[in-house]
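Here is how the chains run, residue by residue.
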Amino acid sequence: MARRDDVLGVTGADTVIGTGVTAIGNITSEGDITIDGTLTGDVKANGNVTLGVNAVVTGKISGRNVTVAGALEGNVTAVGEAVIGETGRVVGDISANSLDITSGAVFLGRSHMELPPRLRSELEEDHA
Amino acid sequence: MYYYIVNPAAGHGHNKDLLDKIRLKLDELGIRGEWAKSTGPGEVTKMAAQAVTSGHTTIVAVGGDDTLNEVINGLGNSAVAVGVIPTGTVNRLAGQLGITDWQQACEVLAARRLTSYGLIAAGQNFFLSTLTMGFETDLDKNVDTSESGLGARTRQLLQSLGHARHFTTLQAKLTLDDSITVTCDLFSLSIGNQKFLNPLADNKLVVSLSDRPGTRQLGSYIWQLLRQGTSPLEETATSRFLADRIVIETNPATGIMVDGKVAGRTPIAIRLTDRRVRFITEKATSTLRG
């Protein structure tokens, strides 16, 4: 079970899978999803998705901003930013508006960045 | 027309003077209505059902959590408005509706602001607020918490901490909405309607799970439980899920409590029903116009 330091406060997140909890199935939420346990299944949130240091997830992740500090085997789609923290391990492709890979993180996959509209129009003007 | 169902045994039966004061206050506010006293357990449910049949538009429970729970079990699918004047030993439900004492309750009734809450079914029982399982339920069986006062509470805390040391976590399997399976070692579980946490939110079951807390957290957890009589699990939970239907299985099988009363054993299915009850609530929690 969780060490005291690992205990997550649930306030402010719609769905929380804490340390020591194993879940199987696809999880969706209108709000945020925080995972520090084990999940086999896809995650889809309108809010932010956070995988804590103890998280072990096998499945696709989709959310506004996605932060991975644990282990993920699956693709990430973030409307905003995708972050892999120094303890994070991602095996899968990442599609996001911006990508932050911290030193020490492991990322095995391809990344695809959506250009913000302002940059896209500037590039189009340059090519015109 | 207001129909008041009075539980004369509420508050250990010491409420006669209080009931006179409540009547006077309701007279002043112009909402005295019709009064009826229950004579025993289970009768409030029948009285509420009869009040609905006879066309009353507002039923007010004058009592504690038990009285209010009996009222909602007698409403069927009617759209009657329900109010509460807390005079019981345990008035947790009134507190969750934003009502803290009888004077305020009378004014809330007169203002008649409504919020609609979905009823939760556990087997054949309907309930409004909170289902608990695990350590809290076990504690309720093993530690007498009826006595209040600092000395008594301190004794209860020490007794509870001793009990916690021997409490074995339950192996639990939860199936949420027939699509997600959750397994864990469970210290404590509570299920409630998220609308009680946020009146603007949809009716949805919030499942809060807790694993065994550290010693300091455990002390704080039990102290809050003893002092306020409410589950602190929402603040201390380590996992939380939203669902409409939950099947709970545990090893070993264990009892569940609904709003502080034993109401069944695992395995059990809990679901949010289509039945809605319109409650007369304090302004900050109201979302409907009555």
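Model, not experiment: these values are computed from the prediction.

Visitor: I would appreciate a short explanation of the overall build of chain B in the present structure.
Guide: A tally of helices and strands in chain B yields 10 helices and 17 strands. For 290 residues, the compact-globule estimate of 2.2 N^0.38 gives 19 Å, and the C-alpha radius of gyration of chain B, at 19 Å, lies within 12% of that figure. If one aligns the C-alpha atoms of chain B with their principal axes, the spans along those axes are about 55 × 50 × 35 Å. Evaluated residue by residue, chain B yields a buried proportion of 46% over its 290 residues.

Visitor: How should helix H1 (residues 16–29) of chain B be read in this particular structure?
Guide: Turn by turn, an α-helix covers 3.6 residues, leaving residues three or four places apart pointing in a common direction. Residues and elements named next belong to chain B. For H1, spanning 14 residues, the distance from its first C-alpha to its last is 20 Å, which sits close to the expected 20 Å at 1.5 Å a residue. Considered for burial, the residues of H1 that qualify are Leu19, Ile22 and Leu26. In a view along the axis of H1, the buried residues occupy a sector of 55°, so they form one face of it. Away from the buried face of H1 by more than 90 degrees, exposed residues Asp17, Asp20, Leu24, Asp27 and Glu28 are located. Considering only its buried residues, H1 is in contact with strand S1 (2–6), strand S3 (58–63), strand S4 (81–86) and helix H5 (102–111). Backbone geometry just downstream of H1 places glycine 30 in the positive-phi region, at approximately 75°.

Visitor: I'm lost on the environment of Gly151(B) in this one. Help?
Guide: Residue and element names in this part refer to chain B. Within the element layout of this structure, glycine 151 appears in helix H7 (residues 150–166). Overall, glycine 151 belongs to the exposed group, with 9 C-beta atoms counted inside 10 Å. Considering only alpha carbons, one finds glycine 151 and isoleucine 5, 146 residues apart in sequence, at a separation of 36 Å.

Visitor: Can you help me understand the interface of chain A and chain B in this one?
Guide: Buried accessible area, meaning the area lost when the parts come together, often serves as the stated size of an interface. Contact residues are listed per partner, giving 20 residues for chain A and 18 residues for chain B. Contributing elements (two or more residues each) for the side of chain A that touches chain B: strand S1 (15–17) and strand S2 (22–24) of chain A. A breakdown of the residues in the side of chain A that touches chain B according to their chemical character gives 11 nonpolar, 7 polar and 2 charged.

Visitor: What's the story with unusual backbone geometry in this structure? I'm lost.
Guide: Outside of glycine, negative phi angles account for most residues, and trans bonds account for most peptide bonds. All names here are of chain B. Omega for the bond connecting asparagine 251 with proline 252 falls within 30 degrees of zero, at 0°, which places this linkage in the cis form. Residue proline 267 is reached from threonine 266 by a cis peptide bond, and omega for that bond is 0°. Structurally, proline 267 is set in the loop between strand S15 (261–265) and strand S16 (268–280). Unlike most non-glycine residues, aspartate 178 shows phi in positive territory, near 55°. Relative to the assigned elements, aspartate 178 resides in the loop between strand S8 (170–176) and strand S9 (180–186). C-beta crowding within 10 Å serves as the criterion here: with 12 such atoms nearby, aspartate 178 is assigned to the exposed category.

Visitor: Explain the pairing of S3(B) to me, please; I cannot follow it from the model alone.
Guide: Looking along a regular strand, one sees side chains alternate from face to face of the sheet. Residue and element names in this part refer to chain B. Counting buried residues in S3 gives 6 out of 6 residues, a clear majority hidden from the surface. Residue alternation in S3 divides its side chains into two sets, Thr58, Val60 and Val62 and Ile59, Ala61 and Gly63, and both sets are buried. As paired strands, S1 and S3 are joined by 5 bridges and run parallel to one another. Among the inter-strand pairings, tyrosine 2 is bridged to a residue of S3, identified as threonine 58.

Visitor: Would you mind showing me how to read the packing of helix H2 (residues 43–53) of chain B against helix H3 (residues 65–72) of chain B here?
Guide: Describing two packed helices takes the angle between their axes plus the distance from one axis to the other. Residues and elements named next belong to chain B. With their axes 7 Å apart at the nearest point, H2 and H3 run at an angle of 45° to one another. Taken together, the axes of H2 and H3 lie oblique to each other. With respect to the hand of their crossing, H2 and H3 are arranged in right-handed fashion. Facing Val44, Thr45 and Ala48 of H2, the residues of H3 in contact are Thr67, Glu70 and Val71. Residues belonging to the contact of H2 with H3 are distributed by class as follows: 3 nonpolar, 2 polar and 1 charged.

Visitor: Help me understand the sheet that holds strand S12 (residues 76–78) of chain A, please; the structure alone is not making it clear to me.
Guide: The pairing of strands in a sheet comes from backbone hydrogen bonds and takes either a parallel or an antiparallel form. Residue and element names in this part refer to chain A. Pairing within the open sheet is parallel, and its 6 strands lie in the order S3-S6-S9-S12-S15-S18. The strands lining the two open edges of the sheet, one partner per strand, are strand S3 (27–29) and strand S18 (111–113). Sheet twist, expressed as the average angle between the axes of neighbouring strands with direction ignored, equals 5°. Pairing geometry for strand S15 (residues 94–96) and S18, over 3 bridges, is parallel. Bridging from a neighbouring strand, alanine 96 pairs with methionine 113 of S18.

Visitor: Would you explain the environment of Thr100(B) in this entry?
Guide: Mapped onto the secondary structure, Thr100(B) falls in the loop between helix H4 (92–96) and H5. The spacing of Thr100(B) and Ile85(B) is 15 residues in sequence and 9.2 Å in space, taken between C-alpha atoms.

Visitor: Quick question: what am I supposed to make of the nonpolar core here?
Guide: Across soluble globular proteins, nonpolar side chains have a tendency to be buried as a group. Core analysis: the largest hydrophobic core is formed by 102 residues, its most contacted members being Ile5(B), Val60(B), Val84(B) and Leu205(B). Considering each element in turn, this core owes the most residues, 6 residues, to S16(B).

Visitor: When you look at the confidence of the model for chain B in this model, what are you seeing that I'm missing?
Guide: Any segment with low pLDDT has predicted coordinates that should not be analysed in fine detail. With 91% of its residues at a pLDDT of at least 70, chain B reaches an overall mean of 85. The ipTM for the predicted assembly is 0.81, set against a pTM of 0.80.

Calculation rules
Residues numbered from 1 in each chain as written. Chains lettered and ligands numbered in written order. Predicted model: local features only at pLDDT ≥ 70, side-chain atom pairs only at ≥ 80, totals over all residues. Helix = DSSP H or I, 4+ residues; strand = E, 2+ residues; numbered from the N terminus. Rg over C-alpha atoms; globule rule 2.2 N^0.38 Å. Buried ≥ 20, exposed ≤ 12 C-beta atoms within 10 Å, placed from the backbone. Expected span 1.5 Å × (residues − 1). Arc of directions from axis to C-beta. Contact = placed C-beta atoms within 7 Å. Nonpolar A, V, L, I, M, F, W, Y, C, P; charged D, E, K, R; others polar. Pairing = 2+ DSSP bridges. Axes fitted to C-alpha atoms, helices over the stretch in contact; angles between N-to-C directions. Parallel < 35°, antiparallel > 145°, perpendicular 65-115°, else oblique. Left-handed = near helix turned anticlockwise from the far one by under 90°. Core = buried A, V, L, I, M, F, W, Y, C linked by C-beta atoms within 7 Å. pLDDT = per-residue confidence, 0-100.

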